[in-house]
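Chain and residue survey
Okay, here's what each chain looks like letter by letter:
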Amino acid sequence: MILCAGEALIDMLPRETADGPGFYPATGGAVFNTAIALGRLGAPVAFHSGLSSDLFGQQLTAALSAADVVDRTAVSDRPTTLAFVTLTDGHAEYAFYDEGTAGRMLTDGDAPDMTGVEALFLGGISLAVEPCAAAYEALALAHAGLPIMLDPNIRPGFIRDETRFRARLARLFAVADIVKLSDEDLAWLGQTEAEVLAAGPRVICLTEGARGVRALTAAGEVRVPARSVEVVDTVGAGDTFNAGLLAGLQGAGALRAGTAPTEGDLRDALALGVAAAAITVSRAGANPPWAHEL
C-alpha cells in the first residue's frame, strides 16, 4: 500500500452563475489529488493528513471513501484550508487561506498507523508551512527505508521562510528515491537536474507541459511525449501524473527503495502517468480518471 501524506483542501473553482461570477467548492490539494487518482487507478493506497470535522472536511472524507482510499487522517474541529483558484488560459493560480486550519496544525503526535505501508508519497504546500511541514518531514525520515517519492510542487508565494524550506527539501532529497519537478520548480531551486540527482534520488522526473516528461537516472534519460488533447484547465494534472507513475511502478514490482527501475519499467510508468494526466486536463478541476477510462 502507498501512503500519501500531505495537504487536503477545498479548491474554490471559478464558475459563472445567473447572478455573476462565483466559486464552486471542489475537493483538492496536491497530495490528496494523488491519493484519489491512485485509488481510481486501482492501486492500494492510504491517505494521511489533518482533516476538519466541518462540512468541507466531510466532503473530503467522502471523496476518499468513494475512491477506495484508506483513511488514516487525524480529525479535528479546526477549519478546512481553502484555495481560491483563478484560471488564465487554463493555467491555474491559487490564493490560499490556511492559517490555523486542521491540515496546517498537524504535528508529530498525529503520526499515522503505518501497518501495510510499502511506499510513501509526500509533497505540496504541506512541506512549506509549520507545524505540519515538520511532521511530514519527520514521517519521511523515520521511514527512510521505504521507497519514497517527493513532489515539492513549489509555490513561492506560499513559502514563509525560504531558507528553512530549502534546507528541508535538501534533507528530503537525500532520502527520496523519486523526485518529480516541473520546469518552474527546477528554475526556483536554481539547480541543474544533474545536481538534484546527485543529492540522493534514484530518479528525477521533469514534467515539461506540452513537451511531455523526462526521467533521469544514473543510467541515462527516458522521454515520453505529451498526448495531444484539448486542455480545459491544468488543475490536478501533475498530481495525476504522480499517481500514474506510482501505480505503474508498483504494478510492475519496480517501486523499490535504493534502486532505480529498469528503463522499460520506467518508460511504461511514465506513459501511464502521461495518459492519466491527459484525461485530467481535458475536464474541469482535479478529476483524475478511473482505470477503465485509460
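Everything below is about the structure shown above.
Residues numbered from 1 in each chain as written. Predicted model: local features only at pLDDT ≥ 70, side-chain atom pairs only at ≥ 80, totals over all residues. Heavy atoms only, no water.

Nonpolar side chains in soluble globular proteins tend to be buried together. One finds Cys4, Leu38, Phe47, Leu245 and Leu270 to be the most contacted residues of the largest nonpolar core, which totals 44 residues. Among the nonpolar cores identified, the runner-up in size contains 40 residues, and Met114, Val179, Leu186 and Leu206 belong to it. (Core = buried A, V, L, I, M, F, W, Y, C linked by side-chain atoms within 4.5 Å. Buried < 20%, exposed > 50% of the residue type's maximum accessible area, 1.4 Å probe, protein only.)

Let us now look at the sheet that holds strand E2 (residues 9–17). The strands that make up a sheet are held in pairs by hydrogen bonds between backbone atoms, and each pair lies either parallel or antiparallel. The strand order across the open sheet formed by four strands is E3-E2-E8-E9, and the pairing between neighbours is mixed. The open sheet terminates on both sides in strands that have one partner only, identified here as strand E3 (20–28) and strand E9 (91–97). Taking each pair of neighbouring strands and ignoring which way they run, the sheet shows an average axis angle of 35°. Sheet analysis places E2 next to E3, joined by nine bridges and oriented antiparallel. Considered in E3, the bridge of aspartate 11 is made with alanine 26. Its contacts with the sheet place helix H2 (residues 55–66) against E2, E3 and strand E8 (82–88), and it is angled at close to 50° to E3. (Pairing = 2+ DSSP bridges. Helix = DSSP H or I, 4+ residues; strand = E, 2+ residues; numbered from the N terminus. Axes fitted to C-alpha atoms, helices over the stretch in contact; angles between N-to-C directions. Contact = heavy atoms within 4.5 Å.)

All chains considered together, the criterion is met by zero disulfides. Cysteine 4 forms no disulfide, and the closest cysteine sulfur to it belongs to cysteine 205, at a distance of 15 Å. Given a relative accessible area of 0%, cysteine 4 falls into the buried group. (Disulfide = S-S within 2.5 Å.)

The next point concerns the pairing of strand E11 (residues 148–151). The two faces of E11 match: Ile148 and Leu150 on one face and Met149 and Asp151 on the other face are all buried. The sheet contact formed by strand E10 (residues 119–123) and E11 spans four bridges and is parallel. Across the sheet, residue phenylalanine 121 finds its bridge partner in E11, namely methionine 149. Each parallel crossover has a hand, and the one from E10 via helix H3 (residues 132–142) to E11 is right-handed. When E11 meets strand E12 (residues 178–182), the two strands line up parallel, connected through two bridges. What sits directly across from methionine 149, in E12, is isoleucine 178. Assessed by its sense of winding, the connection that carries the chain from E11 through helix H4 (residues 162–175) to E12 is right-handed. (Right-handed = clockwise from strand over helix to strand, strands pointing away.)

Here we take up the packing of aromatic side chains. Inspection of every chain in the model, using the stated rule, returns six aromatic pairs. Ring geometry for phenylalanine 23 and phenylalanine 84: centres 5.0 Å apart, planes at 85°, overall edge-to-face. Note that phenylalanine 23 is positioned in strand E3 and phenylalanine 84 in strand E8, a separation of 61 residues in sequence. Aromatic side chains phenylalanine 96 and phenylalanine 158 sit 4.8 Å apart centroid to centroid with 65° between the ring planes, which places their arrangement in the edge-to-face category. Taken together, the positions of phenylalanine 96 in strand E9 and phenylalanine 158 in the loop between E11 and H4 put the pair 62 residues apart, joining distant regions of the chain. Judged by its relative accessible area of 4%, phenylalanine 158 is buried. Members of the aromatic cluster, connected to one another through ring pairs, are Phe23, Phe84 and Tyr97. Over the face of the ring belonging to tryptophan 188 we find arginine 166, whose NZ or CZ atom lies 3.9 Å from the ring centre. (Phe/Tyr/Trp six-rings, centres within 6.5 Å; stacked < 30°, edge-to-face > 60°. Lys NZ or Arg CZ within 6 Å of the ring centre and 35° of its normal.)

As far as function goes, none of this settles anything; it's purely spatial.
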